[in-house]
Amino acid sequence: MEFVMYWTFLVVLLLLPVFFLRARRPTKQLPPGSMGLPVIGQSLSLLKAMRANTGDEWFKDRIRKYGPISKLSLFGTPSIFLHGQAANKFSYTCDGNKLANNYQNQSAGSLRSIIELSGEDHKRIRAVLVSFLKPEVLKQYIGKLDEEIRHHLDTHWHGKQEVKVGPLMKTLTFNVICSLIFGIERGERRDILVGLFQELIAGVLAVPVNLPFTQFNRSLQASAKIKAIVMDLIREKRVAFEQQGASPHQDLITCLLSMRNEDNSSVLSDEEILDNAKIVMIAGHDTTSILLTFMVRLFANNPSVYEAVSQEQEEIARSKAAGELLTWDDLIKMKHTWRVASETLRMTPPVFCSFRRALTDIEYGGYIIPKGWQVVWALSMTHMDETIFPDPSKFDPKRFEQQVPAPPYSFVAFGGGQRICPGYEFAKIETLAMVHYLVTRFKWKLSCKDDSFSREPMPVFNQGLPIQITPKKSSGAL
Ligand code: HEM
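Owing to the predicted nature of the structure, the values given are computational and were not obtained by experimental measurement. (Residues numbered from 1 in each chain as written. Predicted model: local features only at pLDDT ≥ 70, side-chain atom pairs only at ≥ 80, totals over all residues.)

### A word on the overall build of the chain
Counted only if it meets this: Working definition: helices are DSSP H or I runs of at least four residues, strands are E runs of at least two. Numbering for both runs from the N terminus. We compute the radius of gyration over the C-alpha atoms and compare it with the globule rule, which gives 2.2 Å times the number of residues raised to the power 0.38. Working definition of burial: number of other C-beta atoms within 10 Å of the residue's own, with buried at 20 or more, exposed at 12 or fewer, and partly exposed in between, all C-beta atoms being placed from the backbone. With C-beta atoms placed from the backbone, a contact is any residue pair whose C-beta atoms sit within 7 Å.
A count of helical and extended segments in the chain gives 17 helices and twelve strands. Computed over its C-alpha atoms, the radius of gyration of the chain comes to 25 Å, within 12% of the 23 Å expected for a compact globule of 478 residues. Buried positions account for 38% of the 478 residues belonging to the chain. Taking all contacts inside the chain whose residues are at least 6 apart in sequence as the whole, residues at least 24 apart take part in 70%.

Here you go:
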């Protein structure tokens, strides 16, 4: 008996390492799918589809061919494409130490911003940004926002018969965010920054070749000039806050400067303030300008949608004295307008795809996502899933007044989980305030039949969306 026990013990002991090795070796397979041509993979084909605004179809084809999880190669990186509400939940909520953001913005020259950091570093920066972009703080900014919008309309819309909506919305949202983030009022310095940021953004997607006359090189130069201006600004704001008693909430930079650790040291270094202010400028203006441009197109193509929004806004306008600024309470009343904006975001989300990078081997859906591979998902895929949003191609803002909302992580225009857009409230108040003034002051129709857009990767209207505008008789501004 003892002999049998001895041998059993010995065999188990000898087999233990084999068992552990087998347990540690990933048993799962890579998902189906072709990796395409070396280096190029499927990048050109996807970019071509995005340019033609058929990116959704491109992803649907993949799903038809390989199912909701497939492998491919994008932008020189082996990648796993994921589709579905559960996949969205996985990607947005996976531990940041396993699945990190895959963003390395060389031309913006920043490494310390919210979108490059993961784990605890990301949490620390994010908490600071969220504390500035929360409703209680934004409430104090509504008067300034209102004034910026009226000035924009007086300068660029009133007295004109035709305007190009795409570029104008960009000018508006850039100026608004410039005053919110940097606290820079209208004038030469703001105009210089606008130009420099345009150069910087153009380089974010440029081929990273740093030779004279390349876009990438111009972008790097713009980045250096922005740094010099913003560092001066940080010094000015520090003096205004520490010696002249400026309010910490007057702009993002002052807010970040005012934050102190328990030992009274600064929460963020000047370089971290610079990098994050730059990223918020980039992330915060293009997206909202695209939403506003799509809404203007929608109102032109669907008079009944325009009428319903206009009715809600006229009622608010009637409750106010001439020239009175919008208030937080006015914005809260704009429920139908926000449902229309949400439905616009469902059908045409400004952010097309999101990317992450696996920092370790991860198992998902019966497959392995190897360390170093990219995870990619397209936001519109669940937005246009008929099992979640019935008759998905129909524009129907009522979807957003349902008692039972769509399942979590299926409407993801603002992302989800630990990286959900911290600018949501700001984008909302800016959109509502601008739509208020647009529909109470103007009617419009499209100037040309071509209202198509391509994705680069943000949507860009091929003709800039020119419209013919007529002032409304009741317009308070006239
Ligand atoms: C309609 C307008 C907007 C849309 C549709 C939008 C969409 C998004 C989406 C989808 C993400 C998540 C990306 C991902 O997880 O990969 C995101 C993140 C972010 N957004 Fe927005 N955004 C909008 C406006 C804004 C505004 C106004 C600001 C700033 C004031 C802003 C600042 C940011 C920042 C800093 C992040 C990164 C958050 C992090 O990594 O933790 N966004 N946005």
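### Concerning the sheet that holds strand E2 (residues 77–82)
For clarity, the cut-off: Any two strands between which DSSP finds at least two bridges are classified as paired. Convention adopted: a line fitted to C-alpha atoms gives each axis, helices being fitted over their contacting stretch, and angles between N-to-C directions are expressed from 0 to 180 degrees.
Read across the open sheet, the five strands follow the order E1-E2-E8-E5-E3; overall the sheet is mixed. The open sheet has two free edges, formed respectively by strand E1 (69–74) and strand E3 (99–101), since each of these has just one partner strand. Between one strand axis and the next, the sheet turns through 35° on average, direction left out of account. Judged from the six bridges that link them, E1 and E2 form a sheet pairing that is antiparallel. Within E2, the position partnered with Leu 74 by the bridge is Thr 77.

### Topic: the UniProt feature "binding site: heme" (unreviewed entry) in the chain
So the rule is basically this: UniProt positions are given in the numbering used here, feature names are shortened, and annotations may be inferred rather than shown by experiment.
When the UniProt feature table is mapped onto this chain, "binding site: heme" (unreviewed entry) is found at Cys 421. Note on placement: Cys 421 falls in the loop between helix H16 (380–383) and helix H17 (424–441). For Cys 421, a count of 18 C-beta atoms within 10 Å gives the class partly exposed. Excluding residues within four positions of it along the chain, Cys 421 makes contact with Phe 414 and Gly 415.

### Overview of the site of the ligand
Definition in use: Think of it this way: take the backbone, place a C-beta atom on it, and check whether that atom is within 6 Å of the molecule or strand, in which case the residue is near it. Throughout, the ten residues Ala, Val, Leu, Ile, Met, Phe, Trp, Tyr, Cys and Pro are labelled nonpolar, Asp, Glu, Lys and Arg are labelled charged, and all others, Gly among them, are labelled polar.
Around the ligand, a shell composed of 24 residues is seen, among which Gly 284, Thr 287, Gly 415, Cys 421 and Gly 423 lie nearest. At the level of elements, helix H12 (270–301) and H17 are the ones that each hand at least two residues to the shell around the ligand. Top element by residues in the shell around the ligand is H12. It accounts for seven residues. Here the residues of the shell around the ligand are counted per class, giving 16 nonpolar, six polar and two charged.

### Here we look at the packing of helix H7 (residues 142–156) against helix H8 (residues 165–182)
Going by this rule: Crossings are sorted by hand: turned counterclockwise from the far helix by less than a right angle, the near helix makes the crossing left-handed, and turned clockwise it makes it right-handed.
The interhelical angle for the contact between H7 and H8, taken along N-to-C directions, is 145°, at an axis separation of 10 Å. Relative to H8, H7 is oriented so that their crossing is right-handed. Of the residues in H8, those touching H7 at Lys 144, Leu 145, Glu 148, Ile 149, His 152 and His 156 are Leu 168, Leu 172, Asn 175, Val 176 and Ser 179. Taken together, the residues that form the contact of H7 with H8 break down as five nonpolar, four polar and two charged.

### Focus on unusual backbone geometry
Following Glu 456, the chain continues into Pro 457 via a peptide bond in cis, with omega recorded as -10°. Positioned with a positive phi, Asn 53 is a non-glycine residue whose angle comes to about 55°. Checked against the element boundaries, Asn 53 lands in the loop between helix H2 (43–51) and helix H3 (55–66).

### Things to note about the sheet that holds strand E4 (residues 162–164)
Spatially, E4-E12-E9 is the arrangement adopted by the three strands of the open sheet, whose pairing is antiparallel. In this open sheet, the two strands that pair with only one neighbour each are E4 and strand E9 (442–446). In this sheet, adjacent strand axes meet at a mean angle of 35° when their direction is disregarded. Two elements, E4 and strand E12 (residues 466–471), share three bridges in a ladder whose sense is antiparallel. The residue bridging Lys 164 from the neighbouring strand is Pro 466, located in E12. In the packing of H8 onto the sheet, the strands contacted are E4 and E12, and the crossing angle to E4 comes to about 65°.

### Section: the packing of H7 against H17
Definition in use: Oblique is the label for any angle not covered by the other classes, which are roughly parallel (under 35 degrees), roughly antiparallel (over 145) and roughly perpendicular (65 to 115).
Two elements in contact, H7 and H17, have axes whose closest approach is 10 Å; the angle formed by their N-to-C orientations is 40°. The pairing of H7 with H17 is recorded here as oblique in orientation. Helix-helix and strand crossings are classified by hand; for H7 and H17 the assignment is right-handed. Where H7 approaches H17, its residues Ile 142, Leu 145, Asp 146, Ile 149, Arg 150 and Leu 153 are matched on the opposing element by Ile 429, Glu 430, Ala 433, Met 434, Tyr 437 and Arg 441. Residue classes in the contact of H7 with H17 are distributed as eight nonpolar, no polar and four charged.

### As for the nonpolar core
Rule in force here: A set of buried Ala, Val, Leu, Ile, Met, Phe, Trp, Tyr and Cys residues, joined through C-beta atoms within 7 Å, is what we mean by a nonpolar core.
Counting 105 residues, the largest nonpolar core has Ile 181, Leu 252, Ile 253, Ala 277 and Ala 433 as the members making the most contacts within it. With 14 residues, H12 is the largest single contributor of residues to this core. Apart from the residues within four sequence positions on either side, Ile 181 is in contact with Asp 251, Leu 252, Ile 253, Ala 277, Val 280 and Met 281.

### Structural notes on helix H13 (residues 303–318)
Short version of the rule: To estimate the expected span of a helix, subtract one from its residue number and multiply by 1.5 Å.
The first and last C-alpha atoms of H13 sit 21 Å apart over 16 residues, in line with the 22 Å expected at 1.5 Å per residue. Burial in H13 covers these residues: Tyr 306, Val 309, Ser 310, Glu 312, Gln 313 and Ala 317. Here the buried face of H13 lies against H12, helix H15 (335–347) and H17.

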